[in-house]
Amino acid sequence: MSLDESLQIYIMESRDLLEQMEEALLTLEQNPQDEEKINAIFRAAHTIKGSAGLFGLDFIISFTHVAESVLHKVRNGEITIDESLVALLLEVGDFIGKLIDHVAESKTPDADTQAVSDALISRLNVYLSAESDMVPAAEHAATEVAAMTTVDEAESIERVETDCWHVSLRFGVNTFRSGMDPFSFIRYMKTIGTIAHLETMQQGFPALEEMDAESCYLGFEISYQTDADKLAIESIFDFVRDDCEIHILPPHSKISHYIDLIEKLSNEDLKLGEILVKCGTLTPNELESSLQQQATQQAMDKEPIGQTLVNQHMVQPDVVNAALEKQKQVKETKNSESNFIRIDANKLDELINLVGELIIAGAGATLVANKTANSEMTEATSTISTLVEQVRDSALALRMVQIGSTFSRFNRVVRDVSKELGKEIRLEISGEETELDKTVVEKISDPLTHLVRNSMDHGIESAEARLAKGKSAYGTLKLNAFHDSGSIVIEVSDDGAGLNRDKILAKAIEKGLVSAEQSLSDGDIYNLIFEAGFSTADAVSNLSGRGVGMDVVRRNIQALRGTINIQSQPGLGTTMRIRLPLTLAIIDGFLVNVAESAYVIPLDMVVECIELSTADYEASISDQRDFINLRGEVLPYLKLRDEFECKGAPPARQNIVVLQYAEQKIGLVVDKLIGEFQTVIKPLGKMFEHVKGIGGFTILGSGSVALVLDVPRMMQLANIGKNKEQEVVGVN
Amino acid sequence: MNDLMVANASSRQSAIAVNTIQQYLTFVLGREVFAINILNIKEIIEYGNVTEVPKMPGFIRGVINLRGAVVPVIDMAARFDKPTAEITRKTCIVIIEVAHEDSTQVVGVMVDAVNEVLDIEAGEIEPSPNFGANIRADFIEGMGKIAGKFVIILNVNKVLSVGEIAELAGSARSTSQL
């Protein structure tokens with residue numbers, strides 16, 4: 001793996017960690033006692049800093065180090081988390097994100113960034129001011145990161161008993177190649193002190209046949225007795241410092257430093273006891289005796305060795321906890337490594353395309369098999385098509401992601417915006433486990449942000465206004481998602497003032513979007529806010545009100561073959577409902593025939609099929625009455641023949657396919673019903689992109705092309721047509 | 001991939017300028033003979049299995065399945081505002097690659113019959129006349145002289161301009177709606 005690749009991984013990982021950090025911080029704001037979260041934040045900062053050391057990203061190290069020191073104190077309970085600290089840490093997180101961006105663009109931070117960094121560091125230092133020696137430590141951190149610094153000497157918390165220095169050495173792979181001999185360092189160490197104990201680390205050794213004689217795999221844990229100071233010990237390793245991992249702990253170090261060291265050691269799968277021995281915290285004899293004790297106790301209660309050691313007061317609980325945590329982490333990373341694989345999204349797309357081709361080819365095979373009327377052959381192809389269907393489902397499931405991570409990002413948005421607006425707003429999230437296609441998730445994030453900001457800015461009133469209306473002082477914003485007949489529905493709702501119907505109408509008339517005589521339903525009026533250049537906010541705020549957003553929101557959603565509608569109750573709030581297809585690539589379709597052409601309707605929208613009776617058909621010709629009585633309900637219908645201007649007379653028997661989309665039911669009159677069909681949607685391409693009512697092409701088993709109907713669009717067109725008729729009537 | 005195709009398309013353009021002899025496919029529309037540079041042509045297939053797309057202008061015949069890709073089929077005669085000939089055994093679809101913005105688009109062209117591939121020297125190609133050819137002047141790349149007769153060499157990027165056709169398709173939809 002090249003350095004470049006590993007740097008990419010570092011960038012990706014750091015961004016993930018920052019996201020986790022942000023989430024944890026927001027939880028902490030609500031619940032400052034959550035130790036789990038404090039640890040999570042600390043670990044995130046620590047890992048970012050530690051890995052930055054591998055790439056020599058000094059500006060990240062020096063900055064993150066200060067943040068880490070503060071977090072360290074938080075974790076030890078020396079600083080209590082409060083709102084202002086969370087706010088500061090959020091800023092710190094954002095800034096680290098920026099630094100990571102710099103790395104991604106391979107830029108070095110400029111003066112502005114440096115200024116921000118200095119400002120944040122000085123604010124962080126306020127929390128550290130108890131120990132003035134922290135500040136220089138922070139400045140040196142970049143060069144001293146490996147050495148874990150000798151800070152907090154004044155602190156009076158437990159220290160490890162040993163009076164030896166502890167030196168942890170991991171020689172770089174290229175040590176021999178650069179002409180160094182690891183043993184010369186050990187020999188030199190002996191000249192300025194005594195090596196009390198030396199443990200050779202064998203974890204780094206590969207299997208014999210894979211071993212490269214020119215590579216160095218050595219690592220040592222050394223307990224070192226000397227009068228020399230830290231600088232002198234460090235200078236021993238000057239020649240190899242660049243490509244080796246060196247940790248030096250002074251005698252009587254704080255336990256937390258051992259904890260850090262244990263956490264820092266590369267993820268070798270060590271036994272807890274061995275870690276302790278190797279760190280010089282325990283002698284092998286102490287370990288042995290505790291092992292014996294464990295063996296005798298095992299039959300009774302299987303007390304873990306860590307517990308045994310604590311019981312015997314051989315080692316302080318903190319050290320054991322750190323070691324346990326390390327073991328747990330090693331296990332966890334192993335588990336998650338085996339459960340998840342990062343895959344290039346393109347490879348996934350390729351697979352889905354292939355599955356699409358497989359479905360088409362399979363349909364062709366089934367057709368041929370049916371023609372030959374060979375029952376064995378038919379059976380075989382039907383088995384294959386069942387399997388292909390399963391393959392399709394699992395392939396599509398690979399692309400499905402939960403919407404939760406998109407939703408939780410809004411915690412931050414809501415927090416920041418509500419601060420900015422001076423309103424107290426709470427975010428409630430539900431349905432975060434609802435899954436949808438990854439490409440859809442990516443594209444829905446921007447429109448959602450806009451809707452959320454809009455609700456907070458225009459929807460939810462100020463605390464005074466709310467109290468005056470007898471509502472709670474804080475506003476509530478809800479994000480919800482659920483599946484509904486082949487679509488995913490995402491709701492953004494607030495308990496604010498609701499949309500002002502008259503104001504919208506007046507504005508629309510003023511802008512010439514509608515004429516004053518037009519009679520519009522409430523829903524129609526609310527939908528006017530999606531027209532380009534529409535904004536009723538009297539003052540343009542920083543967030544919204546420029547009237548450029550809502551039409552973009554609608555366009556983005558329509559580009560995903562989705563729709564958006566609004567429900568609003570004056571004084572009670574507004575709900576924006578986005579409806580999107582679950583996937584963009586392969587769907588279950590229902591095949592029908594009109595004239596000579598085949599059309600596919602998304603199966604999830606089909607409710608039932610009925611015959612169009614001759615009486616109804618005649619009524620539709622003579623009275624232009626395009627609706628039927630469906631068990632007491634009025635069902636309006638569109639005749640596809642007329643809609644698509646097909647030539648020729650309709651057959652004697654026609655059928656109605658009853659469709660449901662959103663809250664609307666509609667019938668489509670077709671010539672012939674064929675049946676279910678697995679549909680691979682092929683895009684319309686540039687030449688047909690303006691065609692309305694058609695969502696794409698698909699290829700039938702016979703090899704001919706069928707058209708996929710865009711039902712939401714057709715319904716919209718039908719509604720517009722109806723309104724136009726109304727207008728004509730109105731004018732007359 | 002797309003870049004590559006674009007690169008191919010542009011290298012073809014330069015190839016036309018450099019080589020003196022170019023090969024052209026001649027085909028029949030009604031009673032007239034036209035020619036297209038063969039470098040633009042991917043293949044020629046038999047006419048059939050065309051699915052109509054509703055609400056399209058007359059010159060868009062529909063779409064076909066070309067080994068899994070959906071390809072639009074243009075009726076060349078209708079594009080020149082000439083009557084569409086009946087479909088016979090000789091009717092073919094010529095599959096042509098057209099440059100569009102930064103990529104290429106594959107388009108099928110329905111012709112009454114294909115004749116042969118001819119070598120035409122650059123010196124034998126006259127500039128297009130401003131009028132009198134009875135099709136739009138910008139559709140013509142030049143007039144090739146073959147055995148003393150003139151053959152119209154078409155500029156496929158103009159005749160099959162994806163942008164223009166999409167626009168026409170869009171306006172056809174709105175007129176049919178009114």
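Please read all numbers here as calculations on a predicted model, not as lab measurements.

(A) Just the packing of helix α4 (residues 83-104) of chain A against helix α5 (residues 111-128) of chain A, in detail. Residues and elements named next belong to chain A. Two numbers describe how α4 lies on α5: the axes approach to 11 Å, and their chain directions differ by 150°. Between α4 and α5 lies a crossing of left-handed hand. Residues Ser 84, Leu 85, Leu 88, Leu 89, Glu 91, Val 92, Phe 95, Leu 99 and His 102 of α4 form the contact with α5, whose own contacting residues are Thr 113, Val 116, Ser 117, Leu 120, Arg 123, Leu 124 and Tyr 127. A breakdown of the residues in the contact of α4 with α5 according to their chemical character gives 10 nonpolar, 4 polar and 2 charged.

(B) Seen up close, the sheet that holds strand β2 (residues 32-37) of chain B. Here we have 6 strands laid out as an open sheet, ordered β8-β1-β2-β11-β10-β9 (chain B), and mixed in their pairing. Each edge of the open sheet carries a strand with a single partner, namely β8 (113-121) and β9 (125-126) of chain B.

(C) Structural context of the UniProt feature "modified residue: Phosphohistidine" (unreviewed entry) in chain A. Mapped onto this structure's residue numbering, the UniProt feature "modified residue: Phosphohistidine" (unreviewed entry) falls at A:His46. On the accessibility criterion, A:His46 (10% relative accessible area) is buried.

(D) Region of interest: the pairing of strand β12 (residues 586-594) of chain A. All names here are of chain A. Buried residues dominate β12, accounting for 8 of its 9 residues. Note: β12 against strand β19 (residues 672-680), 8 bridges, orientation antiparallel. Residue Ile 587 lies in a different strand from β19, and its bridge partner there is Thr 679. In the sheet, β12 pairs with strand β13 (residues 597-602) via 6 bridges, with the strands oriented antiparallel. Looking across to β13, one finds that Val 592 is bridged to Tyr 599. With antiparallel pairing between neighbouring strands as the criterion, β12 and β13 make up a hairpin whose turn holds 2 residues, including Ala 595 at a positive phi of roughly 50°.

(E) The arrangement of the pattern of salt bridges in detail. All names here are of chain A. Using the criterion set out here, one finds 33 salt bridges over all chains in the structure. As a salt-bridge pair, Asp 588 and Arg 392 come within 3.1 Å of each other at their nearest N and O atoms. With Asp 588 in strand β12 and Arg 392 in helix α15 (residues 375-398), the pair connects residues that are 196 residues apart, well separated along the chain.

(F) Summary view of the environment of A:Asn655. Residue and element names in this part refer to chain A. Inspection of the secondary structure puts Asn 655 in strand β17 (residues 654-661). Classification of Asn 655 as buried rests on a relative accessible area of 16%. Residues Asn 655 and Leu 612 lie 43 residues apart in sequence; the distance between their C-alpha atoms is 5.1 Å. With residues near it in sequence (within four places) discarded, Asn 655 still touches Ile 610, Glu 611, Leu 612, Leu 668, Val 669, Val 670, Asp 671, Lys 672 and Leu 673.

(G) Layout of the interface of chain B and chain A. On the chain A side, the residues contacting the 30 residues of chain B number 22 residues. Interface area for chain B against chain A, summed over the two sides, is near 2300 Å², with a carbon-plus-sulfur share of 65%. When the buried area of chain B at its contact with chain A is split by residue, B:Pro54, B:Lys55 and B:Val70 rank highest and sum to 24% of it. Scanning the region where chain B abuts chain A turns up 0 salt bridges. Summed over the shared surface of chain B and chain A, the result is 2 residue pairs in polar contact (both at pLDDT 80 or more). Contributing elements (two or more residues each) for the side of chain B that touches chain A: β4 (60-66), β5 (69-75), β7 (103-111) and α4 (162-177) of chain B.

(H) Highlighting the environment of A:Val368. Among the secondary structure elements, A:Val368 is positioned in helix α14 (residues 345-372). Once the C-alpha coordinates of A:Val368 and A:Thr378 are considered, the two residues, 10 residues apart in sequence, prove to be 8.9 Å apart.

(I) A look at the environment of B:Gly142. Residue and element names in this part refer to chain B. Along the chain, Gly 142 falls in strand β10 (residues 140-146). By relative accessible area, which is 0% here, Gly 142 ends up buried. When the C-alpha atoms of Gly 142 and Pro 127 are compared, they prove to be 4.8 Å apart, with 15 residues separating the residues in sequence. Sequence-distant contacts of Gly 142, that is, excluding residues within four places in its chain, are made with Ile 125, Glu 126, Ser 128, Val 151, Ile 152 and Ile 153.

(J) Geometry of the side chain of A:Asp494. Residues and elements named next belong to chain A. With respect to the helices and strands, Asp 494 occurs in strand β9 (residues 487-494). In this structure, Asp 494 is buried with no salt-bridge partner, the nearest side chain bearing the opposite charge being Arg 466 at 6.9 Å. Separated by 2.9 Å, the side chain of Asp 494 and the backbone nitrogen of Gly 496 make a polar contact. Those residues within four positions of Asp 494 in sequence are excluded, and the remaining contacts are Ser 455, Gly 459, Ile 460, Thr 476, Leu 477, Leu 572, Gly 573 and Thr 574.

(K) Summary view of the packing of aromatic side chains. Enumeration over the complete set of coordinates arrives at 6 aromatic pairs over all chains. With centroids separated by 5.2 Å and ring planes inclined at 25°, the aromatic side chains of A:Tyr599 and A:Phe644 adopt a geometry described as stacked. Highlighted residues: A:Tyr599 in strand β13 and A:Phe644 in the loop between α23 (640-643) and β17, separated in sequence by 45 residues. Residue A:Tyr599 is classed as buried on the basis of its relative accessible area of 1%. Residues B:Phe27 and B:Phe34 carry aromatic rings whose centres are separated by 6.1 Å and whose planes lie at 25° to one another, so their mutual orientation is stacked. In this structure an aromatic cluster arises from ring pairing among B:Phe27, B:Phe34, B:Phe80 and B:Phe139. Its guanidinium or amino end placed over the ring of B:Phe59, B:Arg79 lies 5.3 Å from that ring's centre, counting from NZ or CZ.

About the thresholds
- Residues numbered from 1 in each chain as written.
- Chains lettered and ligands numbered in written order.
- Predicted model: local features only at pLDDT ≥ 70, side-chain atom pairs only at ≥ 80, totals over all residues.
- Heavy atoms only, no water.
- Axes fitted to C-alpha atoms, helices over the stretch in contact; angles between N-to-C directions.
- Helix = DSSP H or I, 4+ residues; strand = E, 2+ residues; numbered from the N terminus.
- Left-handed = near helix turned anticlockwise from the far one by under 90°.
- Contact = heavy atoms within 4.5 Å.
- Nonpolar A, V, L, I, M, F, W, Y, C, P; charged D, E, K, R; others polar.
- Pairing = 2+ DSSP bridges.
- UniProt positions renumbered as here; feature names shortened; annotations may be inferred.
- Buried < 20%, exposed > 50% of the residue type's maximum accessible area, 1.4 Å probe, protein only.
- Salt bridge = Lys/Arg side-chain N within 4 Å of Asp/Glu carboxyl O.
- Buried area = accessible area lost by both parts, 1.4 Å probe.
- Polar contact = N/O pair within 3.5 Å; in protein donor to acceptor, adjacent residues only side chain to side chain.
- Lys, Arg positive; Asp, Glu negative; His and termini not counted.
- Phe/Tyr/Trp six-rings, centres within 6.5 Å; stacked < 30°, edge-to-face > 60°.
- Lys NZ or Arg CZ within 6 Å of the ring centre and 35° of its normal.

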